Protein chains: 6
Amino acid sequence: MSRRADGRADDELRDVKITRGFTTHPAGSVLVEFGQTRVLCTASVTEGVPPWRRDSGLGWLTAEYAMLPAATHTRSGRESVKGKVGGRTQEISRLIGRSLRACIDLAALGENTIALDCDVLQADGGTRTAAITGAYVALADAVTYLAAAGKLADPQPISCMIAAVSVGVVDGRVRLDLPYEEDSRAEVDMNVVATDTGTLVEIQGTGEGATFPRSTLDKMLDSAFAGAEQLFAIQKAALELPYPGALPEPAAKK
Amino acid sequence: MSRRADGRADDELRDVKITRGFTTHPAGSVLVEFGQTRVLCTASVTEGVPPWRRDSGLGWLTAEYAMLPAATHTRSGRESVKGKVGGRTQEISRLIGRSLRACIDLAALGENTIALDCDVLQADGGTRTAAITGAYVALADAVTYLAAAGKLADPQPISCMIAAVSVGVVDGRVRLDLPYEEDSRAEVDMNVVATDTGTLVEIQGTGEGATFPRSTLDKMLDSAFAGAEQLFAIQKAALELPYPGALPEPAAKK
Amino acid sequence: MSRRADGRADDELRDVKITRGFTTHPAGSVLVEFGQTRVLCTASVTEGVPPWRRDSGLGWLTAEYAMLPAATHTRSGRESVKGKVGGRTQEISRLIGRSLRACIDLAALGENTIALDCDVLQADGGTRTAAITGAYVALADAVTYLAAAGKLADPQPISCMIAAVSVGVVDGRVRLDLPYEEDSRAEVDMNVVATDTGTLVEIQGTGEGATFPRSTLDKMLDSAFAGAEQLFAIQKAALELPYPGALPEPAAKK
Amino acid sequence: MSRRADGRADDELRDVKITRGFTTHPAGSVLVEFGQTRVLCTASVTEGVPPWRRDSGLGWLTAEYAMLPAATHTRSGRESVKGKVGGRTQEISRLIGRSLRACIDLAALGENTIALDCDVLQADGGTRTAAITGAYVALADAVTYLAAAGKLADPQPISCMIAAVSVGVVDGRVRLDLPYEEDSRAEVDMNVVATDTGTLVEIQGTGEGATFPRSTLDKMLDSAFAGAEQLFAIQKAALELPYPGALPEPAAKK
Amino acid sequence: MSRRADGRADDELRDVKITRGFTTHPAGSVLVEFGQTRVLCTASVTEGVPPWRRDSGLGWLTAEYAMLPAATHTRSGRESVKGKVGGRTQEISRLIGRSLRACIDLAALGENTIALDCDVLQADGGTRTAAITGAYVALADAVTYLAAAGKLADPQPISCMIAAVSVGVVDGRVRLDLPYEEDSRAEVDMNVVATDTGTLVEIQGTGEGATFPRSTLDKMLDSAFAGAEQLFAIQKAALELPYPGALPEPAAKK
Amino acid sequence: MSRRADGRADDELRDVKITRGFTTHPAGSVLVEFGQTRVLCTASVTEGVPPWRRDSGLGWLTAEYAMLPAATHTRSGRESVKGKVGGRTQEISRLIGRSLRACIDLAALGENTIALDCDVLQADGGTRTAAITGAYVALADAVTYLAAAGKLADPQPISCMIAAVSVGVVDGRVRLDLPYEEDSRAEVDMNVVATDTGTLVEIQGTGEGATFPRSTLDKMLDSAFAGAEQLFAIQKAALELPYPGALPEPAAKK
């Protein structure tokens, strides 16, 4: 079987590393690496919820994705300087928020908001799937933080694990976890967000200048589910280490 | 079998109507109706291409989706007045553009741009899938217009038909073409863009506050493919009528 | 006497049609056509008033005018995408709001807002005057709706009818209701907003690259008043039909 | 006859003063005062024209109106800080540009642009009419400057004088040149832009919470024309003084 | 010793004039002139403070700096039209606010805001230092106004005088109060904000395409302190005149 | 002598670390740490210069500073989402650009642009001085890269080293390199940008709610110069290591 440019088999993930406590201010701060793709995922807890959700008793989870200008091969303009957030950025931010809201019971948070920030330090394909995979771990740390502070109505508000992986058709072959070199010339590109209970949260597949038969969709899904299983194992291993920082004391009862 | 609120069977489309020549200025102008959802899809031809594509010899196809403020049950603010286009709007605009670019050979257009505008006059669920289905017909009319004007390098630049349909899980049942009443409480929501050659252009499925097993994905795809077949028949019937307007004379050779 | 390009006499209106209930969500929804000019005028009722008017006991009426990108002969850019509303758009929006506020007793509305949206589907000159003429009918329907819901302090808050018409000097002749072909080369262009009691609400006349004597102003006013009379008759005929939709039950007393 | 609050007769202008050379950088710089209303009107000449006018051989004249934040009785927010120009500001800017373009032969300017800036230093009603009246004088100075520099195709490109004045109905009486105290409670408000040849450039009349009969329109026009005559005399007197600054040497022939 | 282009000695200020009561609406309104540089500095009092300061019992002082488009040698674009405030403008606005907050006890103002607007009518170098020097006088007048209205907790909330002056190295010589002709080619440029008690509020020195030794910094400071002394004398003389307008009556006790 | 909260002496820097090659796409990529403050400084080379500089034969150097939302103790809003860059951000971006332009001969770069991006990953005071210190090293790497590519007119376009440090008055004592805990309550705050030849590039000192005598300024400068010496040694040590990545081959002569 022909090997990929980086030597991987078609169904092989890149080296995936998860570093918790990468920065110290947010409740969760995770550097996630899928090969050369590196994303800093933080989970910040703030009191209160957006206006449209006030007095509901429910919490909220929001996400923002962005790229540093020099993260890409060629420097790209800074969106704050342009004065508006591009369509791709908004689309990915919305995907990350939806994906992570699928695993958490917002009622258990009380009227608090968790803001997930996924900032791409270096991009080499698959930044959105890396971001979701890392954001899950940052979210888990933020939940641990809230639990220690005695702010959760339910001690375990996370119902399942979430991970995401890309899969596509390159050179006529179904391949897992595409780096930029493959992504930029893929015939089909798909992102799959899955749970560790074997279900799907989101599936987005696109033919890039080509269309694809249903049989290809099936093969891509097989590969994505297998890749997700490995990501859950890596997330679990990372989360077995103690919380990387000082946990708060429970707030005194009022 | 329990019927849906509007009396349809689970695998039944709403009444779909396609009216060509709804307005007269653009080269293609189509009013598409999926039940109470009504979208005006126009295809305007302009000379030239965006700066990043100049001197490539290739044409371009772009799309913009928008809703009139009073299209929804409760009036929503006008995006031009807010000063920015929302994330949902951009996401759908990008989807429409990608979907229609899948069926056209941009090289055949020469350095001309086709702008698809999909403006929702009345929204009752499935506006993006109605928009794609109607935009295909508007695009076909614009191509007829360009052909008559003698501006095409290839007389038949469209390689296949494109239609889109929504499918979801509501009340635990897989249902086709969701109106707002079902869409707003669906457990799973999926949009499928397909070709009349039986392949997929795009698939986007999302668990809404729930996740879904792969077997559900398969059932939804079965239903979506069957729905798309009916949409291709309706598009074909609409396009059998003559071009609704005056076709241009071929430009004289310079 | 020389006829105009479209065969009309100088003092003749184009065919004017008013279709109520064009869409179903807003309380008033009117498609108004002045020849090839077609404007969708909706009147949406929302509870509450802008912050600066709160606790005044008075209602508010606001208007927004916009053009679909493909409404004009050559596609124009979408203002939401540009990120700002152009001067012409704002000027017309302000004119429509002022004109319709002249006929309604805002105190009778209570602290409710009526939002008039005038979206031009197809432009062929006179879009602002068509918009005002159609918006009056949409407003009348919204008032009927509010009356049925038992929300009006005064059962008949509308004090007079409002209609608008353009008049100008083209080819040295005073002409009524200019289509684009005349408007674009008019020497003088005037818009007159009038009431069915014979008074003026607004008059805006401009010399386009030329100035005009007071005697011309007088002739233009004669023509405009005569045209307005015909518009009032068309509005009345349209409003004699029953309300196009289901009227609400009166809200129960609290 | 009852006098007005400031002691004037109904048909009397406020004290009008025109100071040329108020600042030194622009080719024309005029401080115009209508009583307490003070507007700085400058005319700056720049080479070139906007992109849509290039290679036409024609010049262009544009205008921008703005108010200093502290010009009004209560400080108003700065539009640059808000990030957008309000509808009223744009409407007046467009009016000023249209009005002054009526008196100048743009072909005589060559491909040069004259930018008129009308910045209100102190507002007491009638800022737009004062601005137009002052801008005419600044424009005349800019034309003198261009003539001295040898840049005009036609030595006298100005075909007539332009002045503007407000007139309204206050306390049931037709009154000329309304200060803020009258303007804010006027029943009818009208702005008239006239030429010294007795013709109209622009007329904008609005009923403010009331409508008005045609006979009132006629009386207001009588008053406005009489007022404009006086303004032309004041402009002429101001322009009889020598150019307030150093005129350029004619550019050497290339 | 070689003289400067305008005949001044190296350590000599330009003619500095301060005119109070230049406009009449704001509580303080000062035209300050440093040679050809002319800045209108107003101080407007409004009730209330920004949201983040509410219920603190403290007042607030804010400042905004701007240039009229025709203030510079070549007309510059209007920031409101561009839709955003440039970096230089914001930087100077922040500097003015910080500088004037150094002399006032915000607690004495109660929850009122003083807005300083510094609008440059004509620019010839040193606009920011002229603005600060003039804003101090406008602020002093606003405080007199608030005292007369009985709104101050402390009758004398100003603890010292504030003035600012530029100094730089031009043609190898340390020079005070640079006009545009020197500023645009200075090797070092420094702005010093000082108090009449001999202390510094702010110092900002920049090498322009060159760096400078500490000994130069010392010489520039000597010159700046000497210049500030003269400015304090001019401010004092201006403030010895009576308040230019009508002072309010004390508000009646509620 | 009383120690600071973190145990340092008044004139002691925090631990400063400089890591080159932190990311791989830009020509220079440096992680600089001043204690808990961590800034990623990248230098990206792009062909061409801004429009106003074209055909000058000169290069350009620009800088942008930004903070990740979760970099601060409390999450701050993302400027791209707000749609505008704040005054503080712009002010610091401008400072970094000016500071680094002081050490480089832009003529030697040819018409190429170096973009410095300084993104704060974690903030604990002194982010702007850390950014300048790190940006110098990133710039040096970018110059090495350009030299290897044969793109420099002058093989050594950097004339001196640049470093920056903060110094302030806290608890009445002059202290070097303030962390957030000191910075937020400092009486005087100063940033000094210096060269390794003993000269100043920029000095910005501000009394925060207090003013300061010249003698304090002198003591702060002594401390800052001593601190800068140590920073130059750390930069030199970092730059003695080989270039962290693959250098390009010289471009072939055309």
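Residues numbered from 1 in each chain as written. Chains lettered and ligands numbered in written order. Predicted model: local features only at pLDDT ≥ 70, side-chain atom pairs only at ≥ 80, totals over all residues. Heavy atoms only, no water.

For chain A, the name recorded in an unreviewed UniProt entry is Ribonuclease PH, with Nocardia lasii as its organism. Among the UniProt annotations of chain A, the heading Catalytic activity (unreviewed entry) holds the following wording: "tRNA(n+1) + phosphate = tRNA(n) + a ribonucleoside 5'-diphosphate". According to its UniProt record, chain A has this under Subunit (unreviewed entry): "Homohexameric ring arranged as a trimer of dimers." (UniProt positions renumbered as here; feature names shortened; annotations may be inferred.)

Our focus in this paragraph is the overall build of chain A. If you tally the helices and strands in chain A, you get 5 helices and 9 strands. From first element to last, N terminus to C terminus, chain A shows the α and β order β-β-β-β-α-α-β-α-β-β-α-β-β-α. Taken over C-alpha atoms, the radius of gyration comes to 19 Å for chain A, in line with the 18 Å a tight globule of 254 residues would show. Judged by the C-alpha coordinates and their principal axes, chain A covers about 65 × 40 × 30 Å. In chain A, the proportion of contacts linking residues at least 24 apart, taken out of those at least 6 apart, comes to 70%. Summing over all exposed atoms, chain A offers an accessible surface of approximately 9700 Å²; the carbon and sulfur share of this is 51%. Across chain A, the mean location of the 27 positive side-chain charges is 4 Å away from that of the 33 negative side-chain charges. (Helix = DSSP H or I, 4+ residues; strand = E, 2+ residues; numbered from the N terminus. Rg over C-alpha atoms; globule rule 2.2 N^0.38 Å. Contact = heavy atoms within 4.5 Å. Areas by Shrake-Rupley, 256 points an atom, 1.4 Å probe, with all protein chains shown as cover. Lys, Arg positive; Asp, Glu negative; His and termini not counted. Charge placed at Lys NZ, Arg CZ, Asp CG, Glu CD.)

Bringing the arrangement of the chains into the picture now. Between chain B and chain E there is no contact; the minimum C-alpha to C-alpha separation amounts to 11 Å. Looking at chain C next to chain F, you find no contact at all, with the nearest C-alpha pair sitting 11 Å apart.

Bringing the nonpolar core into the picture now. By size, the foremost hydrophobic cluster in this structure holds 462 residues, and its most contacted members are Leu100 of chain A, Leu100 of chain B, Leu100 of chain C, Leu100 of chain D, Leu100 of chain E together with Leu100 of chain F. With sequence-adjacent residues up to four places away left out, Leu100 of chain E is seen in contact with Leu61, Leu116, Ile132, Ala135, Tyr136, Leu139 and Ile162 of chain E. (Core = buried A, V, L, I, M, F, W, Y, C linked by side-chain atoms within 4.5 Å. Buried < 20%, exposed > 50% of the residue type's maximum accessible area, 1.4 Å probe, protein only.)

Now for the layout of surface pockets. Considered as a void within the structure, the second largest pocket measures approximately 910 Å³ in volume. Each residue belonging to the lining of the second largest pocket can be placed in one class, and the counts come to 6 nonpolar, 13 polar and 11 charged. (1 Å grid on protein atoms, 1.4 Å probe; cavity = no way out; pocket = protein on both sides within 12 Å on 5 of 7 lines; lining within 4 Å. Points joined across faces, edges and corners; volume = space filled by probe spheres on them. Nonpolar A, V, L, I, M, F, W, Y, C, P; charged D, E, K, R; others polar.)

On to the sheet that holds strand S7 (residues 173-176) of chain F. Spatial strand order, S7(E)-S6(E)-S8(E)-S9(E)-S9(F)-S8(F)-S6(F)-S7(F): 8 strands in an open sheet with antiparallel pairing. If you trace the sheet from one side to the other, it starts and ends with strand S7 (173-176) of chain E together with S7 of chain F, each paired once. For this sheet, the mean inter-axis angle between neighbouring strands, taken without regard to orientation, is 15°. By the bridge criterion, 7 bridges tie strand S8 (residues 188-195) of chain E to strand S9 (residues 200-207) of chain E in an arrangement that is antiparallel. Of the residues in S9 of chain E, the one forming a bridge with Ala194 of chain E is Leu200 of chain E. Lying on the sheet, helix H2 (residues 87-101) of chain F is in contact with S9 of chain E together with strand S6 (162-170), strand S8 (188-195) and strand S9 (200-207) of chain F; it crosses S9 of chain F at an angle near 150°. Where helix H5 (residues 214-240) of chain F meets the sheet, its contacts fall on S9 of chain E together with S6, S7, S8 and S9 of chain F, and the angle it forms with S6 of chain F comes to roughly 140°. (Pairing = 2+ DSSP bridges. Axes fitted to C-alpha atoms, helices over the stretch in contact; angles between N-to-C directions.)

Residues and elements named next belong to chain A. Strand S3 (residues 37-47) sits mainly inside the fold: 8 of its 11 residues count as buried. Remark: 2 residues form the turn of the hairpin made by strand S2 (residues 28-34) and S3, two consecutive strands paired antiparallel; Gly35 in that turn has positive phi of roughly 60°. Where S3 lies against strand S5 (residues 112-122), 10 bridges are found, and the strand directions are antiparallel. Pairing of Cys41 across the sheet is with Cys118, part of S5.

All names here are of chain A. Here, the residues flagged by UniProt with the feature "domain: Exoribonuclease phosphorolytic" (unreviewed entry) are residues 12-142 and 160-226. Measuring from the first to the last C-alpha atom of residues 12-142 gives 31 Å, for a span that is 27% helix and 32% strand. Helix makes up 25% of residues 160-226 and strand makes up 43%, while its end C-alpha atoms are separated by 17 Å.

To continue, consider the packing of helix H3 (residues 127-148) of chain D against helix H5 (residues 214-240) of chain D. All names here are of chain D. Orientation of H3 relative to H5, taken along the N-to-C sense of each, is 30°, at an axis distance of 11 Å. The pairing of H3 with H5 is recorded here as roughly parallel in orientation. The interaxial crossing formed by H3 with H5 has right-handed handedness. Contacts between H3 and H5 involve Thr133, Tyr136, Val137, Ala140 and Asp141 on the former and, on the latter, Leu231, Gln235 and Leu239. Residue composition of the contact of H3 with H5, grouped by class: 5 nonpolar, 2 polar and 1 charged. (Parallel < 35°, antiparallel > 145°, perpendicular 65-115°, else oblique. Left-handed = near helix turned anticlockwise from the far one by under 90°.)

This part is about helix H2 (residues 87-101) of chain E. Residue and element names in this part refer to chain E. Between its terminal C-alpha atoms H2 stretches 21 Å, which fits the 21 Å expected from 15 residues at 1.5 Å a residue. Burial of H2 is extensive: 11 of the 15 residues sit out of reach of the surface. Residues Gly87, Thr89, Gln90, Glu91, Ile92, Ser93, Leu95, Ile96, Gly97, Ser99 and Leu100 constitute the buried set of H2. (Expected span 1.5 Å × (residues − 1).)

This model, assessed by the stated rule, comprises 132 salt bridges over all chains. Residue Arg78 of chain F is joined to Glu64 of chain A by a salt bridge in which the shortest nitrogen-to-oxygen separation is 2.8 Å. With Arg78 of chain F in the loop between strand S4 (60-67) and helix H1 (79-82) and Glu64 of chain A in strand S4 (residues 60-67), the pair connects residues from two separate chains. Like Arg78 of chain F, the residue Glu64 of chain A is buried in the burial classification. (Salt bridge = Lys/Arg side-chain N within 4 Å of Asp/Glu carboxyl O.)

Another point: the sheet that holds strand S5 (residues 112-122) of chain F. Sheet strands associate in pairs through backbone hydrogen bonding, adopting either a parallel or an antiparallel arrangement. Residue and element names in this part refer to chain F. Strand order in the open sheet made by the 5 strands is S1-S2-S3-S5-S4, with mixed pairing throughout. Edge positions in the sheet fall to strand S1 (16-20) and S4, since each of these pairs with one other strand and no more. Here the average twist between neighbouring strands, direction ignored, is 15°. In the sheet, S4 pairs with S5 via 8 bridges, with the strands oriented parallel. Residue pairing for S5: Ala63 is matched across the bridge by Leu116. On top of the sheet, H2 reaches S4 and S5; it is set at about 145° to S4, its chief contact.

Residues and elements named next belong to chain C. Notably, Asp55 is not glycine yet its phi reads approximately 65°, a positive angle. Looking at the element boundaries, Asp55 is found in the loop between strand S3 (37-47) and strand S4 (60-67). With phi around 55°, Asp177 is a residue other than glycine that occupies positive phi space. The topology assignment puts Asp177 in the loop between strand S7 (173-176) and helix H4 (180-183). On the accessibility criterion, Asp177 (0% relative accessible area) is buried.

What follows concerns the packing of aromatic side chains. Within this structure, the stated rule accounts for 6 aromatic pairs over all chains. Pairing Trp52 of chain B with Trp60 of chain B gives two aromatic rings, centres 4.9 Å apart and planes at 85°, and the pair type is edge-to-face. With a relative accessible area of 57%, Trp52 of chain B lands in the exposed category. In this structure Trp60 of chain B comes out as buried when scored by relative accessible area, which is 17%. When the ring centre of Phe22 of chain B is taken as reference, the NZ or CZ atom of Arg38 of chain C above it lies at 5.3 Å. (Phe/Tyr/Trp six-rings, centres within 6.5 Å; stacked < 30°, edge-to-face > 60°. Lys NZ or Arg CZ within 6 Å of the ring centre and 35° of its normal.)

Between two packed helices, the angle of one axis relative to the other and the distance separating the axes together describe the packing. Residue and element names in this part refer to chain E. Where H2 meets helix H3 (residues 127-148), the axes come as close as 10 Å, and the angle between the chain directions of the two elements is 40°. Regarding the angle of H2 to H3, the classification is oblique. Considering how the two elements wind past one another, H2 and H3 form a crossing that is right-handed. The residues of H3 that touch H2, namely those facing Arg88, Ile92, Leu95, Ile96, Ser99 and Leu100, are Thr127, Arg128, Ala131, Ile132, Ala135, Tyr136 and Leu139. The class makeup of the residues in the contact of H2 with H3 is 9 nonpolar, 2 polar and 2 charged.

Across the contact, 33 residues belong to chain F and 33 residues belong to chain A. A buried area of about 2700 Å², summed over both sides, lies between chain F and chain A, and 56% of it is on carbon and sulfur atoms. Its largest share of buried area at the contact with chain A, chain F owes to His25, Arg75 and Arg78 of chain F, together 23% of the area lost on that side. There are 10 salt bridges connecting chain F and chain A. Ionic pairing is found between Arg78 of chain F and Asp117 of chain A, a salt bridge with its closest N-O pair at 2.6 Å. When residues of the side of chain F that touches chain A are traced back to their parent elements, those giving at least two are strand S3 (37-47), S4, H1 and S5 of chain F. When residues in the side of chain F that touches chain A are grouped by element, the largest group, 6 residues, is from S5 of chain F. Taken together, the residues of the side of chain F that touches chain A break down into 14 nonpolar, 11 polar and 8 charged. (Buried area = accessible area lost by both parts, 1.4 Å probe.)

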